[in-house]
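Spelled out, the chains give:
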Amino acid sequence: MKKNHLLSIIFTGLCILSSCETGVTPPDDPNDPNDPTSRFEIAQVLNTNSAFENVWDTTMDVRTMNTGVTGSLGISDFTVDAKNQMHFVFYQILPSQQSTFYESYRRTWDLTNKKIIPQNPLAYKEKNITRNLYNYQAEKELAFELYKPYTNYYVAAIVTSEGDGGISYNKVYFQGDVSMTVAQPFYPLSRLELGYENAVGQSAYFQSVIFRSLNRKNDDDFNYKFTNVSMDYAIFQYMVPDVQTYHLLCEARTSGPSIYFGFTSKNEIQAIEFTETGNFGTTTLTGTKGKVVATVNWTPYVTWVTQAFVFPVYNFGKTIRHYSPDGSIMSFALNKFDTDRYSTFVYNFNTKTFTKVMEDVSLKYGDINSSDVDIDQEGNIYYTGYADSGKNKEGVSVYKISADGNHTLVGNDNFLKFGQVIKLKHLHGKLYLCVTGKKTGYDTHQISFIRTK
């Protein structure tokens, strides 16, 4: 939720750095010792008695072109593991005369001892995290950049649209702690998301394309593996005779049963458990073996089109997923993008129960373009919105939507003094927020993490 406050700073000196060759000021490394001048002092992010607390802050100069175009700071993702360590990747946007580039910073912060922890020597190096594909002419989209839930296992995925002899197809490229190219082309791939263990996409014929890559090492760590990703699919066409089952999302597990969530024209979602999957390369796609373990009533976010046959046009994009730390519970939210309304669900892998928590609720005090949203494992929604129950457009508050539809404050009203919230996550019972802001009079930006007390 965007909210900028300017800090008044009295200049004691002014030093302008410029380059005739590049026209930019070089970025500062946030690991450098603090500069003695006020430009690098940490700005106070929170108002007094906010009911939030600071977790970590840093300031750095961002690249500025001699044309006046300036960079900024962003966040790829963050998480907190069972050892009370926060893992995060943030980046500086580097403007140039030709295109935009990124410089990433990967950190692990010990929340108990308040210190930076060195990365595992096998972990993907931050200098290689590009958020892009360089020297590559295909159309491309950054599908996700996320940590595996509650681990220091970071992975980003880029989907390309390519062509060969007039035929268009997709490819997936992974970077981070899964660093390889899936050479198999396929068409089309409309969505790609990261689950608790594996990435799963939606492809043609309403099938789930599964990219298996991760193996558990113990309860809170993953092996850092640089091996090939295996790819297979799950497709369920007629779990009920003559009733088509369409792909909603899939949670693919490396060991134990996976779950395919499919909706039908009868306004219901089926939770379909399966262990077997098909393989690409077969001459005919056949249905994956599975069984419906639970069904809930829900009007899907689709528009039904009738031509030679009836098929849906999806009115939602990526889902919001949330997991219990052990992965036994998965909640997810679906956003109808034309109305900005949400429905949330919870599935329990142990009890095989599937529940609809809320249906078609709105962010009452939020903004369709700038509210940050997450859910907890019970299916409750948290979001940033305008302060004073939506009346104060200059202030920011965090609200919770419960299963009964009530909107309540999280923390105190109008809690933010400086910057804007760019990411919100519910982790281990607390809300964590990432905040960025620019200091007045300088090209110095700050990035901060705060959480509920």
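Residues numbered from 1 in each chain as written. Predicted model: local features only at pLDDT ≥ 70, side-chain atom pairs only at ≥ 80, totals over all residues. Heavy atoms only, no water.

Draft legend 1. Summary view of the overall build of the protein chain. Within the protein chain, the secondary structure is distributed over 0 helices and 31 strands. Expressed as a percentage of the 453 residues in the protein chain, the buried residues total 54%. Just so you have it, the protein chain exposes about 20,700 Å², and 48% of that area is on carbon and sulfur atoms. (Helix = DSSP H or I, 4+ residues; strand = E, 2+ residues; numbered from the N terminus. Buried < 20%, exposed > 50% of the residue type's maximum accessible area, 1.4 Å probe, protein only. Areas by Shrake-Rupley, 256 points an atom, 1.4 Å probe, with all protein chains shown as cover.)

Draft legend 2. Layout of empty space enclosed by the protein. Taken as a whole and assessed by the stated rule, the structure comprises 2 cavities of 30 Å³ or more. Here the largest cavity is characterised by a volume of approximately 50 Å³. Lining of the largest cavity is provided by 10 residues; of these, Val 155, Val 178, Leu 194, Ala 199 and Ser 213 occupy positions nearest its centre. Here the lining of the largest cavity is composed, by residue class, of 7 nonpolar, 2 polar and 1 charged. (1 Å grid on protein atoms, 1.4 Å probe; cavity = no way out; pocket = protein on both sides within 12 Å on 5 of 7 lines; lining within 4 Å. Points joined across faces, edges and corners; volume = space filled by probe spheres on them. Nonpolar A, V, L, I, M, F, W, Y, C, P; charged D, E, K, R; others polar.)

Draft legend 3. Representation of the sheet that holds strand β27 (residues 392–401) within the structure. With respect to topology, 4 strands assemble into an open sheet ordered β25-β26-β27-β28, the strand pairing being antiparallel. Pairing within the sheet leaves two strands with one partner each, and these edge strands are β25 (373–375) and β28 (407–410). If you compare each strand with its neighbour and ignore which way they point, the axes differ by 40° on average. (Pairing = 2+ DSSP bridges. Axes fitted to C-alpha atoms, helices over the stretch in contact; angles between N-to-C directions.)

Draft legend 4. Structural view of the sheet that holds strand β14 (residues 246–251). Overall, antiparallel pairing links the 4 strands, which are arranged β14-β15-β16-β18 in an open sheet. Bordering the open sheet on either side are β14 and β18 (291–297), each of which pairs with just one other strand. Neighbour-to-neighbour, the strand axes of this sheet turn through a mean angle of 25°, independent of strand direction. The pairing of β14 with strand β15 (residues 258–264) spans 5 bridges and is antiparallel. In the strand pairing of β15, Glu 251 is matched with Ile 259.

Draft legend 5. A look at the confidence of the model for the protein chain. In this model, the protein chain carries an average pLDDT of 84, and 84% of its residues clear a pLDDT of 70 or more. Taken element by element, the predicted model of the protein chain shows its lowest mean pLDDT in strand β17 (residues 278–279) (63) and its highest in β25 (98). Low pLDDT, under 50, characterises residues 4–36; the stretch is placed with 51 contacts to residues that sit more than four places away or in other chains. (pLDDT = per-residue confidence, 0-100. Contact = heavy atoms within 4.5 Å.)

Draft legend 6. Up close: the environment of Ser 208. Along the chain, the position of Ser 208 falls in strand β12 (residues 207–212). For Ser 208, a relative accessible area of 0% gives the class buried. Measuring from C-alpha to C-alpha, the distance between Ser 208 and Phe 236 comes to 9.2 Å, with 28 residues separating the pair along the chain. A polar contact is formed between the side chain of Ser 208 and the side chain of His 247, at a distance of 3.1 Å. (Polar contact = N/O pair within 3.5 Å; in protein donor to acceptor, adjacent residues only side chain to side chain.)

Draft legend 7. Local environment of the nonpolar core. Leu 248, Phe 261, Ile 269, Phe 332, Leu 334, Phe 345 and Phe 354 are the most contacted members of the largest nonpolar core, which totals 24 residues. Ignoring anything within four residues of it in the chain, the contact list for Leu 334 reads Leu 248, Trp 298, Tyr 301, Phe 316, Thr 319, Arg 341, Tyr 342, Ser 343 and Phe 345. Counting residues in hydrophobic clusters, the runner-up holds 20 residues, among them Val 62, Val 80, Phe 90 and Tyr 432. (Core = buried A, V, L, I, M, F, W, Y, C linked by side-chain atoms within 4.5 Å.)

Draft legend 8. Main features of unusual backbone geometry. A positive phi angle is found at Asn 414, which is not glycine, with a value near 55°. Positionally, Asn 414 belongs in the loop between β28 and β29 (420–427). Positioned with a positive phi, His 428 is a non-glycine residue whose angle comes to about 50°. Looking at where His 428 falls in the secondary structure, it is placed in the loop between β29 and β30 (430–438).

Draft legend 9. Expanded view of the layout of surface pockets. Considering only enclosed or pocket space, the largest pocket measures out at about 1,300 Å³ in volume. In terms of lining, the largest pocket is formed by 42 residues, of which the most central are Leu 146, Thr 319, Ile 320, Val 373 and Lys 423. Contributing elements (two or more residues each) for the lining of the largest pocket: β2 (72–80), β6 (139–147), β10 (189–194), β21 (320–323), β25 and β29. Tallied by class, residues from the lining of the largest pocket come to 20 nonpolar, 11 polar and 11 charged.

Draft legend 10. Layout of the pattern of salt bridges. Under the counting rule described, the total for this entry stands at 13 salt bridges. The residue Lys 425 makes a salt bridge to Asp 77 at a minimum N-O spacing of 3.0 Å. Taken together, the residues span a long stretch of sequence, with Lys 425 in strand β29 and Asp 77 in strand β2 at a distance of 348 residues. Judged on exposure class, the residue Lys 425 and its partner Asp 77 are both buried. A salt bridge links Arg 107 to Glu 126; the nearest nitrogen and oxygen atoms lie 2.8 Å apart. (Salt bridge = Lys/Arg side-chain N within 4 Å of Asp/Glu carboxyl O.)

Draft legend 11. View of the environment of Thr 151. Relative to the elements of secondary structure, Thr 151 occurs in the loop between β6 and β7 (154–164). The exposure class of Thr 151 is buried, given its relative accessible area of 2%. In the structure, Thr 151 is positioned 70 residues away from Asp 81 in sequence and 5.4 Å away in space, judged by C-alpha atoms.

Draft legend 12. Examining the packing of aromatic side chains more closely. If you walk through the whole model with that rule in mind, you get 32 aromatic pairs. Look at Phe 263 and Trp 304: their rings are 6.1 Å apart centre to centre, the planes differ by 65°, and that puts the pair in the edge-to-face class. Note that Phe 263 is positioned in strand β15 and Trp 304 in strand β19 (residues 302–306), a separation of 41 residues in sequence. One aromatic cluster in this structure is built from Phe 261, Trp 298, Tyr 301, Phe 332, Phe 345, Tyr 347, Phe 349 and Phe 354. Here the basic side chain of Arg 253 rests over the ring of Phe 349, its NZ or CZ set 4.0 Å away from the ring centre. Taking the ring centre of Phe 78 as reference, the NZ or CZ of Lys 425 above it sits at 5.6 Å. (Phe/Tyr/Trp six-rings, centres within 6.5 Å; stacked < 30°, edge-to-face > 60°. Lys NZ or Arg CZ within 6 Å of the ring centre and 35° of its normal.)

Draft legend 13. Main features of the side chain of His 445. With respect to the helices and strands, the residue His 445 is situated in strand β31 (residues 444–452). The class of His 445 is buried, set by a relative accessible area of 10%. With residues near it in sequence (within four places) discarded, His 445 still touches Thr 58, Thr 59, Met 60, Val 62, Gly 71, Ser 72, Leu 73, Gly 437 and Lys 438.

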